[in-house]
Amino acid sequence: MQTLFTILIDGLSYAAWLFIVALGLTLVFGVLKILNMAHGSFYALGAYAAASFVSWGASMKMAPAFSIVAMLLAAVAVAAILAPLTERGLMRFFYGRDEVLLVLVTYALFLILEDVTKLIWGANPYYVSEPYSLFGNIDIGSQTYVGYDFALVALAVIVGLAVWWGLNRTRHGKIVLAVIHSAEVAASMGINVSRVYMLAFTVGIFLAGIGGAFTAPMISVQPGVSVGVIIISFAVVIIGGLGSIEGAAIGALIVGLARSLAVHMAPVAELFSIYIVMALVLMFRPEGLFQRIQARKI
Amino acid sequence: MIGMLFTVVLVLAGLLMPKWLTFLVTMAAAQGLVSLGILLLMRGGVVSFGQGMVFALGGYAAALGYSRLGLTDALGLTLLGGVTAMLVAAPFAPMLARYRGIFFAMLTLALSMVIYGLLMKIELMGGSDGFNIGRPTLLGQTLSDARVGYVMYSLTIVTAGVMALLSRVYFDSTRGLLTVAVRDNELRVEYLGGSVRQAMMINFILAAFAGGMGGALVVMSLGHIDPNFSYWTTSGEFVFVAILAGWQSVLAVFLASTVLEVVRSFSSSYFPNTWQLALGLFLLFVIRFLTRGIGSLWIKENRR
Amino acid sequence: MKETMKKAVISPAFKRQAALTAIGAALACLVQGVQAQETFKVGIVSFLSGQAAESFGIPAVNGAKVLIEAFNKGEAPAPYNKTGFGGMKIEPTYVDENGGASKQVQELRNLYDRDKVDVVVGYVGSGDCLAVAPVAEEMKKFLVLYDCGTPRIFEDGKYGYVFRTASHATMDNVALVRYMKAHNVKADSFNMMNQDYAWGQDSRKDFLWSMEKLYPNAKPGEDLLPKFGAGQYGTEISALMAKPADVTHSSLWGGDLQAFILQSGPRGLFKRSQVVLSAADHVLPALGDKMPDGAIIGARGAYGLMSPKSALNDWWWAIYQKSYTVYPVQAPYRMAQSLLGLKLAVEKAMAANGGKKPNAEQLAAAFKGLEWDSPAGRIRMALGDGHQAIQETAIGKTRYDAAKKMVVIDDIQRFPAECVNPPANMKSEDWIKAGFPGAKCN
């Protein structure tokens, strides 16, 4: 019984992390139909920016609680600087081309950002330690958990609800939904599709940045952090369905629980658990569990 | 015809080229074969982002054939690679033939990653380290240290040339033309009595054959195989070569493959710390400015 | 379908362009061929990007840079005080090991054929080592492997031109278990966590088999295999704490290890269980006070804070620290011992051939069975028919020293090379399983 409880808690906290990290990817795909291979790079940039901002805050002798604000600001900064740059300065030239071509463009962007990040921050590791101890430790049963991990669950819920509310309850959100369903029809209705793209891309990068910024306290921020994130976000998004918020949540939960089960019960299968789930979903329901976009022509 | 001439010229030129260049061209030609597979699919309007799977399958088949079955003949191993990849990929063809666009790309990518995961786990085949194979023989003759590079080079170039020729023939055949029609308008093809599914399935299987052969050739020249052959970044590079080439000219595929090898090689030399940046910029440049690929540089299109 | 039915018409303009490009390329190749002869060219391959860059690649390359500079000025202590290699200036070329084994094979060929390097020193990744060794052998060019851990290189193959100047990874876990035994660490149960790829799988096996021999009553518990690069270990830590064991073993390294320590420290893993880490020394400088006390760690050799005191070591430590602020950990040490051995071999070969730059065969003859002093102790090419080095190693316990503001290592125990390395005629796996026959421990 205790093990079951542990499995659930672990699955949930990992799922929360996955959700935060993968949400931006699914949003960008849903609106712009771009599978952003550079998603991991924006995540990494969020982490690095958080490291810089938090250490700046620490040097200014701000209260430890300020570090949360610093991390948010970091994500905002990443999005504010990179989204216009990438979208206007790069993506714009390739709209209307084959979707797969755009994937290659984002792959090129991933390569570029890897080295740019290394050039700006160097190869040394950065630590963002203040936030991690902010929430203390929580004992559940015989296990000690770090409060921060649960704070991430709260963050996931907040972010998920915010995005959902933003999409479904605000005017701008409904416009975005219209563009998701059909950009052509939306344009013919007088919507500035190009502005919507910009907005969606910015939010997508912001979410990736948030993922990176809030993960930074748990890891060592160094070259290579982007690589592990791309595939796992991709898997979550495929399972949940591209472009669907609920899908990302469910996908994250499934992957999180699958991994948790594997680790506690059959560790040998852990490497494989994510691929198995992905393969199963693809075989029986390739659009993902919450289809938004038509997958098949015939 | 130009292709045949080119093949002969290259084989002869190989006698004069420095060893690193013959190796580079060997790799480029073998990998060009894999991209040829992508070209086959691109003519039908879909792009496979998982060609690494058949590349790895062909490679492992050849490597295992060499080390477990004792089959050392280079030609034999090449065919073994192609056929194995084809056989393993065939069951997936019906399912994949139903999808287009980004879903086809993603499905293939996911498949190749599943194979990657499998290969990483199987310790008998070396797991993540992979394993080495020795030197292949050719038609019963052992190859000496000095000659093996050139022989593998010639074999690869000739195989590539033959496949290129066969592709050209295929492209001009009924089914090949049907494929292009599918890219334009599937519904029309169905109305006219052609089977879109069948065309796509056959294309996928043929692409697997080409990819498998490419994998076998690479493994024999490299002497080593590992699960990275099936990783998504490897597949991405094949796609890039196909895009760089454009889908009109088969020759362009091999040229594009060589260009990528050269760029990669030189950016590694001159920018050891920032070669990824150099490569990424090159990719962007090509996608932006060579919109219809290298092939469009010399094939004049009759504009309607 | 006009596009597919037309013949390929090659425009004259294109033909002209192509011809010019071909001529230009040929000229470029010619120019490349003309070079000066009085330098010794060394190609150095290690991770300049990717996940191994921060922990292994870049520190090693930094070590190479500072050492080569010292060599070229003739500033190294005797017997390394000749300028460069035997009077010839050393000209290094650096190549990034990131990008996969196939790329490395290509790069190796480029280094030898196009850049005309005399020797290549490189490779952290075992997969890369396994892939490039046969290539150097086929090309009859001299290759020095300085870092990769797999014992398979010389146990599964014979090479004339390939040498490895550091012990392979078997000694890491054998020494770890011997240390535990010598310090009476309670180990009735043990958990393991290793990355699910060749390095992790091999380390796990070495530890498991060593435990079977030295702690026959110990029971293995959790056997976790997270993906390489996972970075998130909350679930694993829960599993390790749900079924706590006396000892928790891991061969994790780099960013993964740092993430694991950051996430498990606050949860009390290090207090609930004796954590033993086979290769952890490289994370100590950066982690500082975040590194829990009392972890038993290895450095894959007598490196960093566990290196033996000697004039050579002091000199090396000083030049590295002066250039890079941080003290050298295992990666730069391994690079250093490699370059020192290479220097001696070149000079030995030159003494034998009348002072000319040695070719690959002469170098191989000089290197075979060589012994030399390094900052980490004496290196002896004793295995693999004189091609594989063995060296002593050291294990210790971590403690954060608030006064010095750094992690220090206490209770250091040294293990002679013959104690923790297999003898020349046995494979590592068989040696461990047979109970370490022939091991000479004091």
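Residues numbered from 1 in each chain as written. Chains lettered and ligands numbered in written order. Predicted model: local features only at pLDDT ≥ 70, side-chain atom pairs only at ≥ 80, totals over all residues.

## Some points on the overall build of chain B
Of regular secondary structure, chain B possesses 14 helices and two strands. A compact globule built from 304 residues should have a C-alpha radius of gyration of about 19 Å, and chain B, at 19 Å, falls within 12% of that. Overall, the C-alpha framework of chain B stretches about 55 × 40 × 40 Å when taken along its three principal axes. Within chain B, the proportion of its 304 residues that are buried is 62%. Across chain B, the fraction of contacts at a sequence separation of at least 24, relative to all contacts at a separation of at least 6, is 81%. (Helix = DSSP H or I, 4+ residues; strand = E, 2+ residues; numbered from the N terminus. Rg over C-alpha atoms; globule rule 2.2 N^0.38 Å. Buried ≥ 20, exposed ≤ 12 C-beta atoms within 10 Å, placed from the backbone. Contact = placed C-beta atoms within 7 Å.)

## What to know about the overall build of chain C
Broken down by element type, chain C carries 17 helices and 15 strands. Against the 2.2 N^0.38 benchmark of 22 Å for 442 residues, chain C shows a C-alpha radius of gyration of 24 Å, consistent with a compact globule. Referenced to the eigenvectors of the C-alpha coordinate spread, the extents of chain C come out at roughly 80 × 70 × 45 Å. Counting over 442 residues, chain C shows a buried share of 61%.

## Describing the sheet that holds strand β10 (residues 296–298) of chain C
Residue and element names in this part refer to chain C. As summarised here, the arrangement of the seven strands in space is β7-β6-β8-β9-β10-β14-β15, forming an open sheet in which the pairing is mixed. In the strand order of this sheet, the two ends are held by β7 (219–224) and β15 (406–415), each with one partner. The mean inter-strand angle of the sheet, taken between neighbouring strand axes irrespective of direction, is 25°. In the sheet, strand β6 (residues 189–193) pairs with strand β8 (residues 247–250) via four bridges, with the strands oriented parallel. Of the residues in β8, the one forming a bridge with Asn 191 is Thr 248. The strands touched by helix α9 (residues 234–242) within the sheet are β6, β7 and β8, with β7 carrying the most contacts at an inclination of about 165°. (Pairing = 2+ DSSP bridges. Axes fitted to C-alpha atoms, helices over the stretch in contact; angles between N-to-C directions.)

## Quick notes on the interface of chain B and chain A
Contact residues are listed per partner, giving 33 residues for chain B and 30 residues for chain A. For the side of chain B that touches chain A, the secondary-structure elements that each account for two or more residues are α6 (101–121), α11 (232–245) and α13 (275–289) of chain B. Looking at which element gives the most residues to the side of chain B that touches chain A, the answer is α6 of chain B, with 12 residues. Its residues assigned to classes, the side of chain B that touches chain A comprises 22 nonpolar, six polar and five charged. (Nonpolar A, V, L, I, M, F, W, Y, C, P; charged D, E, K, R; others polar.)

## Thoughts on the pairing of strand β2 (residues 89–96) of chain C
In regular strands, side chains alternate between the two faces of the sheet. Where strand β1 (residues 39–46) of chain C meets β2 of chain C, eight bridges bridge the pair, whose relative direction is parallel. The residue of β2 of chain C that forms the bridge with Val 42 of chain C is Pro 92 of chain C.

## Observations concerning helix α7 (residues 170–182) of chain C
Residue and element names in this part refer to chain C. Here α7 is 13 residues long and its end C-alpha atoms lie 18 Å apart, about the 18 Å a rise of 1.5 Å per residue gives. In terms of residue burial, α7 counts as a mostly covered element, since 11 of its 13 residues are buried. Residues Thr 170, Met 171, Asp 172, Asn 173, Val 174, Ala 175, Leu 176, Val 177, Arg 178, Tyr 179 and Met 180 constitute the buried set of α7. The positive-phi residue at the C-terminal boundary of α7 is Asn 184, with phi of around 55°. (Expected span 1.5 Å × (residues − 1).)

## Let's talk about α11 of chain B
Residues and elements named next belong to chain B. Along its 14 residues, α11 runs 20 Å from first to last C-alpha, staying within 8% of the 20 Å computed at 1.5 Å per residue. Of all 14 residues that make up α11, 13 are buried, and the element is covered over most of its length. Following α11 by one or two positions, Gly 246 adopts a phi angle in the positive range, close to 80°.

## What to know about the environment of Asp 172 of chain C
All names here are of chain C. When you line up the elements, Asp 172 lands in helix α7. Given 25 C-beta atoms within 10 Å, Asp 172 falls into the buried group. Taking C-alpha positions, Asp 172 is 27 Å from Gln 104, a pair spaced 68 residues apart along the chain. Dropping the residues within four chain positions of it, Asp 172 is found in contact with Ser 203, Ser 278, Ala 279, Gly 298 and Arg 300.

## A closer look at the pairing of strand β3 (residues 119–122) of chain C
Residues and elements named next belong to chain C. Taking every second residue as pointing to the same face, both faces of β3 are buried, with Val 119 and Val 121 on one and Val 120 and Gly 122 on the other. The sheet contact formed by β1 and β3 spans four bridges and is parallel. From the neighbouring strand, Gly 43 faces β3, where its bridge partner is Val 120. Bridge count for β3 against strand β4 (residues 142–145) is four bridges, and the pairing is parallel. From the neighbouring strand, Gly 122 faces β4, where its bridge partner is Leu 145. You can see the chain leave β3, run along helix α5 (residues 126–139) and come back into β4, and the turn it takes is right-handed. (Right-handed = clockwise from strand over helix to strand, strands pointing away.)

## Points about the packing of helix α10 (residues 245–265) of chain A against helix α11 (residues 270–284) of chain A
In a pair of packed helices, the angle between the axes and the distance between the axes together describe the arrangement. Residue and element names in this part refer to chain A. Direction vectors running N to C along α10 and α11 enclose 150°, while the axes themselves pass 9 Å from each other. The way α10 lies across α11 gives a crossing that is right-handed. Along the contact surface, α10 presents Ile 254, Val 255, Ala 258, Arg 259, Ala 262 and Val 263, while α11 presents Glu 270, Ser 273, Ile 274 and Val 277. Tallied by class, residues from the contact of α10 with α11 come to seven nonpolar, one polar and two charged. (Left-handed = near helix turned anticlockwise from the far one by under 90°.)

## Remarks on the nonpolar core
In this structure, Leu 18, Phe 19, Ala 50, Leu 104, Val 255 and Met 278 of chain A together with Ala 110 of chain B are the most contacted members of the largest nonpolar core, which totals 376 residues. Sorting elements by how many residues they give to this core places helix α2 (residues 19–42) of chain B first, with 17 residues. When residues of this core are sorted by domain, at least three fall in each of domain 1 (39–167 + 308–390) and domain 2 (170–299 + 392–433) of chain C. Residues contacting Leu 104 of chain A, with those up to four places away along its chain left out, are Gly 236, Val 239, Phe 240, Ile 243, Leu 283 and Ile 287 of chain B. (Core = buried A, V, L, I, M, F, W, Y, C linked by C-beta atoms within 7 Å. Domains from an automatic or database assignment.)

## Considering the confidence of the model for chain C
All names here are of chain C. In the predicted model, chain C carries a mean pLDDT of 89, and the fraction of residues at 70 or more is 92%. Every residue in residues 32–36 is under pLDDT 50, and counting partners more than four places away or in other chains gives two contacts. Interface scoring of the predicted complex returns ipTM 0.89; its pTM is 0.89. (pLDDT = per-residue confidence, 0-100.)

## Quick word on the packing of helix α1 (residues 2–32) of chain A against helix α8 (residues 193–215) of chain A
Residue and element names in this part refer to chain A. Following both chains from N to C, one finds α1 and α8 inclined at 165°, their axes separated by 8 Å at the closest point. Considered as vectors, α1 and α8 are oriented roughly antiparallel to each other. Like other packed secondary-structure pairs, α1 and α8 cross with a definite hand, here left-handed. Its residues placed into classes, the contact of α1 with α8 shows 18 nonpolar, four polar and no charged. (Parallel < 35°, antiparallel > 145°, perpendicular 65-115°, else oblique.)

## Details of unusual backbone geometry
Excluding glycine, a negative phi dihedral is what most residues carry, and trans is how most peptide bonds are arranged. Residue and element names in this part refer to chain C. With an omega dihedral of 0°, the bond running from Ala 78 to Pro 79 counts as a cis peptide bond. The residue Pro 79 is located in the loop between α3 (53–72) and β2 in this model. Despite not being glycine, Lys 140 has its phi angle at roughly 55°, a positive value. As for its placement among the helices and strands, Lys 140 is situated in the loop between α5 and β4. The phi angle at Arg 300 is positive, at roughly 60°, despite the residue not being glycine. Tracing the chain through its elements places Arg 300 in the loop between β10 and α13 (311–324).

## Quick look at the environment of Gly 44 of chain B
Residue and element names in this part refer to chain B. Note on placement: Gly 44 falls in the loop between α2 and α3 (51–67). When the C-alpha atoms of Gly 44 and Gly 176 are compared, they prove to be 8.9 Å apart, with 132 residues separating the residues in sequence. Residues within four places of Gly 44 in sequence aside, it is in contact with Thr 179, Val 182, Arg 183, Ala 199, Met 200 and Asn 203.

## Regarding the domain arrangement of chain C
Residues and elements named next belong to chain C. Here chain C is described as being made up of domain 1 (39–167 + 308–390) and domain 2 (170–299 + 392–433). Computed over C-alpha atoms only, the centres of domain 1 and domain 2 are separated by 28 Å. At the junction of the two partners, domain 1 supplies 21 residues and domain 2 supplies 19 residues. Going through the elements one at a time, α3, α5, α14 (330–353) and β12 (377–383) are the ones with two or more residues in the side of domain 1 that touches domain 2.

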